[in-house]
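# Topology and contacts: notes
Listed here are the chains, written in short residue letters.
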Amino acid sequence: MTRGPSHHGYGDPAGGYAPVTGEPDAPGVGAVLGWLDGKPLPCAELDRRLAALRTGPRSTALPAPGTAEDRQLTRWVAQVVLTEELCAAEAAARGLAADGAPPVRLDQRAAVELGSIAAAAYEGSAAVRAVYGAVTADVTVSPAEVAAYRESTARPPAGPVWRLRTPDGEFDAEPGTLPADLAGALGSAVPGQTVTAGPWTATLLARREPAPDPGPGSPGPEGALLDAARRLAFVRWLDHARAHRLRLVPGLEHPGDPAQPDNHHRH
């Protein structure tokens with residue numbers, strides 16, 4: 001497990017699980033982690049991971065035992081384990097190869113789009129990555145979606161940038177952001193020349209022209225849009241599978257579940 005719970009809401013929306021009713025138990029101490037497809041899952045892996053965290057090099061950064069934040073950490077780790085178990089069962093049912101692959105590291109955008117629990121499971125479990133590949137294999141991005149993205153992110157052409165030195169220090173500026181008289185004087189200056197226009201004095205250090213238009217054939221947004229669409233499709237599949245195949249024990253609810261007593265969202 002490479003990612004920890006985020007400070008606000010533990011990274012994932014609440015819901016998607018069918019909790020077991022009854023009085024809450026202390027998380028991580030029972031014999032059952034939850035039920036997958038009606039079969040009980042032992043708590044051994046959860047207990048092992050919590051013990052590794054509490055005796056590991058970052059143990060001093062963990063919340064104090066017995067506090068609400070400590071119980072939330074236990075819930076978060078439990079959901080990572082449950083996600084891995086669910087995907088391991090799905091990979092086996094689909095006949096997917098899911099053994100031996102080393103952990104991976106997601107970039108920040110991918111981790112945010114997946115949510116902290118799914119991201120941690122994806123990074124640490126080859127089964128999760130195999131199922132991700134299988135359930136998102138047919139995801140596509142239409143030309144209309146690409147065109148809409150280009151239109152919504154279009155920016156006016158960039159202009160030149162001047163590197164200037166003034167009595168207040170060095171900085172970059174576009175000519176249009178400078179006083180008109182100073183911009184006019186600098187426009188005919190050569191690098192290293194100092195000009196004065198009214199109350200302003202500046203030395204032109206360098207001119208940087210805008211990057212050329214990449215033009216046709218250059219990499220477009222299609223790859224990034226497809227990656228985002230695949231992550232969205234996987235999260236939707238995972239939420240549906242959790243809701244229909246997993247049952248939770250009291251005390252190991254999703255950390256973002258508003259019904260559990262330790263879910264206090266603070267800013």
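Our structure is the block above this text.
The residue numbering used here restarts from 1 in each chain and proceeds along that chain's sequence as written. Selection of residues for local features in this predicted model requires a pLDDT of at least 70, selection of side-chain atom pairs for listing and counting requires 80 or more, and totals for whole chains, interfaces and linings are taken over all residues. Processing note: side-chain calculations cover all non-hydrogen atoms of the structure and skip hydrogens and water entirely.

## What about the nonpolar core?
Leu 33, Leu 46, Leu 114 and Phe 234 are the most contacted members of the largest nonpolar core, which has 41 residues in total. Working definition: helices are DSSP H or I runs of at least four residues, strands are E runs of at least two. Numbering for both runs from the N terminus. Of all the secondary-structure elements, those providing two or more residues to this core are β2 (32-36), α1 (44-54), α2 (68-94), α3 (108-114), α4 (116-124), α5 (126-135), α8 (222-245) and β8 (246-248). The biggest single contributor to this core is α2, with 10 residues. By size, the runner-up hydrophobic cluster in this structure holds 12 residues, among which are Leu 164, Leu 186, Ala 202 and Leu 204. Within this scheme, the nonpolar core is defined by two criteria: the residues are buried Ala, Val, Leu, Ile, Met, Phe, Trp, Tyr or Cys, and they are joined through side-chain atoms within 4.5 Å. Buried means the residue's accessible area, taken with a 1.4 Å probe over protein chains only, is under 20% of the maximum for its type, while exposed means over 50%, and partly exposed covers the values in between.

## Topic: the sheet that holds strand β4 (residues 161-166)
Taken together, four strands build an open sheet; the order of strands is β5-β4-β7-β6 and the sheet is antiparallel. Pairing within the sheet leaves two strands with one partner each, and these edge strands are β5 (169-173) and β6 (194-197). Pairs of neighbouring strands in the sheet enclose a mean axial angle of 35 degrees, with direction left out of account. The pairing criterion for strands is at least two bridges between them, as found by DSSP. In the sheet, β6 pairs with strand β7 (residues 200-208) via four bridges, with the strands oriented antiparallel. Following the sheet pairing, Ala 197 is matched in β7 by Trp 200. Orientation is described by lines fitted to C-alpha atoms, with helices fitted over the stretch in contact, and by angles between N-to-C directions that extend from 0 to 180 degrees.

## Details of the packing of α5 against α8
One can describe the packing of α5 onto α8 by two numbers: an axis separation of 9 Å at closest approach and a directional angle of 110 degrees. One finds that α5 runs roughly perpendicular with respect to α8. Residues Val 128, Val 131, Tyr 132, Gly 133 and Val 135 of α5 form the contact with α8, whose participating residues are Asp 227, Arg 230, Arg 231, Phe 234 and Trp 237. Residues are grouped as follows: nonpolar covers Ala, Val, Leu, Ile, Met, Phe, Trp, Tyr, Cys and Pro; charged covers Asp, Glu, Lys and Arg; every other residue, Gly included, is treated as polar. Tallied by class, the residues present in the contact of α5 with α8 amount to six nonpolar, one polar and three charged. Note on terminology: angles under 35 degrees are roughly parallel, angles over 145 are roughly antiparallel, angles of 65 to 115 are roughly perpendicular, and the others are oblique. Whether two residues are in contact is decided by their heavy atoms, any of which lying within 4.5 Å being enough.

## A look at unusual backbone geometry
Phi angles above zero are rare outside glycine, and Asp 37 is one such case at about 55 degrees. Positionally, Asp 37 belongs in the loop between β2 and β3 (39-42). Since its relative accessible area comes to 43%, Asp 37 is described here as partly exposed.

## Regarding the packing of aromatic side chains
Each aromatic ring pair is specified by the distance between its two centres and by the angle formed by the two planes. Two rings belonging to Phe, Tyr or Trp (six-membered ring only in the last case) form a pair when the distance between their centres is within 6.5 Å. Interplanar angles under 30 degrees mark stacking, angles over 60 mark edge-to-face geometry, and anything in between is tilted. With the rule as written, the count across this model stands at three aromatic pairs. Centroid distance Tyr 122 to Tyr 132: 5.3 Å. Interplanar angle 80 degrees. Geometry classified as edge-to-face. Of this pair, Tyr 122 sits in helix α4 while Tyr 132 sits in helix α5, and the two are 10 residues apart along the sequence. The same class applies to Tyr 122 as to Tyr 132, namely buried. Ring geometry for Phe 234 versus Trp 237: centroids 6.0 Å apart, planes at 20 degrees, classification stacked.

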